[in-house]
Amino acid sequence: MAKILCVLYDDPISGYPSTYPRAGLPIIKNYPGGQTLPTPHKIDFLPGTLLGSTSGELGLREFLESLGHTLIVTSDKEGEHSAFDQELPDADIVISQPFWPAYLNAERLSKAKKLKLAITAGIGSDHVDLNSALEKGITVAEITYCNSISVAEFIVMLIVTQIKNYLASHSWVENKGWNIADCASRSYDLEGMQVGSVAAGRIGLATLRRLKPFDVKLHYTERHRLSPEIEAELNLTYHPNIRSMLKICDVVTINCPLDGETEHLFNDETLEVMKNGAYLINTARGKVCDRDAIVRALERGKLAGYAGDVWFPQPPSADHPWRTMPHQGMTPHIAGTSLPAQARYAAGVREILECFFNGRAIRDEYLILKEGKLAGTGAHSYRLRRSQEAA
C-alpha cells in the first residue's frame, strides 16, 4: 500500500465554509483546442466547494483509504522539523500546489527514498528540482490546462485595474473620500495601447484572445511560434526575441514557465529596455523577475505599475518589499485556484492516481518527467540545466 503526502494551503481564517455565494458551477465539457477535462472514473467531492485547502483534501481521502492507502494532508511545509519533512522519507507519492508549494529541492529528494510520483495540483512544476527528479527516475505530472483560463481572466483583470488606477481609487472610497483628481491623475485607457505576452502557450494565447476586443495592438514572443492562421486571426505581431517586443509595448504580461533560462529574466537591464511608464503583469512565477529590480523600477517611475500573484518564496516574508512598493497590485497566488479551477485540478489528481494504481498510462499532456527524461508537456515547456540536456 502507498503513502500519499499532500501539501495544501490552510483553511480560511474565518472557518471552513458551510455555504457558498453560488450554487454549483457552469458546465464546461472541453478546453479550447479540444482537450478534454479530467476524466477520473469517479469523484467524491462536490464541484464548487473549497477543495484546495487542508480540510478539502482535494476530495481524495475516501478514494485512497478505500484502497488501503495512507493519506497525510498538511500545510506545514517549511523547515526540517515541518510535518512535510518528517513524513517525506517514506512517502510514495507527493502532491503539492503552485499556490502553496512544497519545494522538492535536491536535498529533500535525496531523503525521499521511496518517492515514485510527484503531482502538481495545478500547473507549473518548477517547485520540483526537475534535474534531481530526473536522476532518480521520479515521474512528475501536473494537471495541464486545469486553470489556464482562470489565470487568463485574472491577467486581463490585473491589466485593466492597473491602467484604470482601480485599487487606489477604491481605497479612497474605503477611507470615506471622494478624491476624483487623485484617482484620475494615474488613470488611462487600454484602448490603442501596445500589449505583449512573453510566451503564448495555453495561458498566454488565452490572454491574447481575451484582449483583442479592447482594440489594442497585440504582440508576443515565444520559443514555438504560433501558426500563421492564429497570428492573422488576432492580428498578432511575432517577435523573435524579448527585447524587440519590450521596447514598443505599453503593457507586458509574463506567461512563460520558470526554468534556467527565464529565472530573473526581468532584471535591471531588461527593465531598462521597456518603455517609460509601461505596466508589467506577472502571474507566471515570482522568480522570473528580480525582486529588487522591480522595486527600483517602480520607485523611479520606469514602470507605471506592477501586478501579479506570484512571489518567491511562497508564502513571502512579512517584510517582502513587493508588499509595500508603490503602484503595485499584488495578491496571494490565487489566479489559478478559483473554485472551478479547484474542481478541475482535484479531478485531474484523482485521474492520475487512478492511472498510477491501475498500471495505466498517465495522459501525455499531464507528464513533465517520465522514465528519466522530459515528457509530454514537460518536453514542450521546460528546459533542464545544460549538463542534463547534453546527457
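What comes next concerns the included structure. None of the values given here were measured: they were computed from a predicted structure.

### Things to note about the pairing of strand β1 (residues 3–7)
Now for step 1: Of all five residues in β1, five are buried, a share of seventy percent or more.
Now for step 2: One crossover worth recording links β1 to the parallel strand β2 (residues 70–74) by way of helix α1 (residues 61–66), and it is right-handed.

### A word on the packing of aromatic side chains
Now for step 1: Taken as a whole, this structure holds seven aromatic pairs when the rule is applied.
Now for step 2: Consider the rings of Tyr-103 and Phe-312, whose centres lie 6.0 Å apart with planes at 75 degrees: the pair is edge-to-face. In this pair, Tyr-103 sits in the loop between β3 (93–96) and α3 (106–111) while Phe-312 sits in the loop between β11 (303–308) and β12 (328–330), placing the two residues 209 residues apart along the sequence.
Now for step 3: Among the aromatic side chains, those forming a connected cluster through ring pairs are Tyr-306, Trp-311 and Trp-322.

### Some words on the sheet that holds strand β9 (residues 251–254)
Strand pairing in a sheet is mediated by backbone hydrogen bonds. Such pairs are either parallel or antiparallel.
Now for step 1: Here we have seven strands laid out as an open sheet, ordered β8-β7-β6-β9-β10-β11-β12, and parallel in their pairing. The open sheet terminates on both sides in strands that have one partner only, identified here as β8 (236–238) and β12. When strand polarity is set aside, the average angle formed by the axes of neighbouring strands in this sheet is 15 degrees.
Now for step 2: Sheet topology note: the strand β10 (residues 278–282)/β11 ladder contains five bridges and is parallel. Bridging across to β11, Tyr-279 finds its partner in Gly-305.
Now for step 3: Set on the sheet, helix α5 (residues 148–163) makes contact with β9, β10, β11 and β12; between it and β10 the angle comes to about 150 degrees.

### Section: unusual backbone geometry
Now for step 1: Omega for the bond connecting Phe-312 with Pro-313 falls within 30 degrees of zero, at -10 degrees, which places this linkage in the cis form.
Now for step 2: Mapped onto the elements of the fold, Pro-313 is located in the loop between β11 and β12.
Now for step 3: Residues Gln-314 and Pro-315 are joined by a peptide bond in cis, for which omega reads 0 degrees.
Now for step 4: One non-glycine residue, Asn-165, lies in positive phi territory at about 60 degrees.
Now for step 5: One can find Asn-165 in the loop between α5 and α6 (166–174).
Now for step 6: Look at Asn-165 and you get buried, because its relative accessible area is 12%.
Now for step 7: Unlike most non-glycine residues, Asp-215 shows phi in positive territory, near 60 degrees.
Now for step 8: Examined against the element boundaries, Asp-215 turns out to sit in the loop between α8 (202–211) and β7 (217–221).

Rules and cut-offs
- Residues numbered from 1 in each chain as written.
- Predicted model: local features only at pLDDT ≥ 70, side-chain atom pairs only at ≥ 80, totals over all residues.
- Heavy atoms only, no water.
- Buried < 20%, exposed > 50% of the residue type's maximum accessible area, 1.4 Å probe, protein only.
- Helix = DSSP H or I, 4+ residues; strand = E, 2+ residues; numbered from the N terminus.
- Right-handed = clockwise from strand over helix to strand, strands pointing away.
- Phe/Tyr/Trp six-rings, centres within 6.5 Å; stacked < 30°, edge-to-face > 60°.
- Pairing = 2+ DSSP bridges.
- Axes fitted to C-alpha atoms, helices over the stretch in contact; angles between N-to-C directions.
- Contact = heavy atoms within 4.5 Å.

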